[in-house]
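Analysis of the macromolecular model
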Amino acid sequence: MNALLAFLAQFGLSLQAPPIHVLPHETLCRIMDNNCAHVAAVFLIDRPELNLVRGHIYLSDRVDTRTIKGQSIILHELVHAYQVQSGYYKAEECHDHLRAENLAYTLQNAFLAKHGHKPVRAFLPECPRITATKWTPYKP
Ligand SMILES: [Zn+2]
């Protein structure tokens, strides 16, 4: 965790690491409306009936956190934690969500590249009237 926080600090992102919980993959994909293929972790979720706390990170039990890929998934969620803690992420508009994901994937892939790994494919929200060339990486 400290290595991940140090990595983010290089980019000017300092944050309080939120609690991380591991959930069975099937539970996580049900929470994400059965989007089972791509879900590895969730952060901004408000499901009191499932005892999920907004601001905590929920990881799939299929993520091996000892690997660089697994660490990169935690790093991605820590970027979202930073975005919430800093007030950057309001999640009111699709465009905000898109920019938030853009930064998370950019830093996740920078972390993977640093360790000689290939980038992951970004799964981004599809926002109306915004094309891929119009949004810009977030600079803290
Ligand atoms: Zn994300």
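Structure: above.
Before going further, it helps to spend a moment on the sheet that holds strand S3 (residues 57–60). Pairing within the open sheet is mixed, and its three strands lie in the order S1-S3-S2. Sheet topology places strand S1 (20–23) and strand S2 (41–42) at the edges, where each strand pairs with a single neighbour. Here S1 runs beside S3; their pairing, made up of four bridges, is parallel. The partner of His-21 across the bridge, within S3, is Tyr-58.

The end-to-end C-alpha distance of helix H4 (residues 94–114), which contains 21 residues, comes to 30 Å, matching closely the 30 Å that a straight helix rising 1.5 Å per residue would cover. For H4, every residue scored as buried is listed here: Arg-99, Ala-100, Glu-101, Leu-103, Ala-104, Tyr-105, Leu-107, Gln-108 and Phe-111. On its buried side, H4 packs onto helix H1 (2–9) and helix H3 (68–85). The first or second residue beyond H4 is Gly-116, which carries a positive phi of 75°.

What follows is about H3. In a regular helix each residue adds 1.5 Å, so 18 residues correspond to 26 Å; H3 covers 25 Å between its end C-alpha atoms and thus fits that length. Downstream of H3 by a residue or two, Gly-87 has a phi angle that is positive, lying close to 80°.

On to the nonpolar core. Soluble globular proteins tend to bury their nonpolar side chains together. Core analysis: the biggest nonpolar cluster contains 22 residues, and Leu-78, Val-79 and Leu-107 have the highest contact counts within it. Among the elements of the structure, S3, H3 and H4 are those that each provide at least two residues to this core. If you tally residues by element for this core, the top one is H3, at seven residues. Not counting the four nearest positions on each side in its chain, Val-79 is found in contact with Leu-8, Leu-13, Leu-103, Ala-104 and Leu-107.

Where H3 contacts H4, the axes come no closer than 9 Å and their chain directions differ by 145°. Crossing of H3 over H4 shows right-handed handedness. Within the contact between the two elements, H3 uses Ile-68, Ser-72, Leu-75, His-76, Val-79, His-80 and Gln-83 and H4 uses Ala-100, Leu-103, Ala-104, Leu-107, Gln-108, Phe-111 and Leu-112. Across the contact of H3 with H4, the residue classes tally to nine nonpolar, five polar and no charged.

About the criteria used
- Residues numbered from 1 in each chain as written.
- Predicted model: local features only at pLDDT ≥ 70, side-chain atom pairs only at ≥ 80, totals over all residues.
- Pairing = 2+ DSSP bridges.
- Helix = DSSP H or I, 4+ residues; strand = E, 2+ residues; numbered from the N terminus.
- Expected span 1.5 Å × (residues − 1).
- Buried ≥ 20, exposed ≤ 12 C-beta atoms within 10 Å, placed from the backbone.
- Contact = placed C-beta atoms within 7 Å.
- Core = buried A, V, L, I, M, F, W, Y, C linked by C-beta atoms within 7 Å.
- Axes fitted to C-alpha atoms, helices over the stretch in contact; angles between N-to-C directions.
- Left-handed = near helix turned anticlockwise from the far one by under 90°.
- Nonpolar A, V, L, I, M, F, W, Y, C, P; charged D, E, K, R; others polar.

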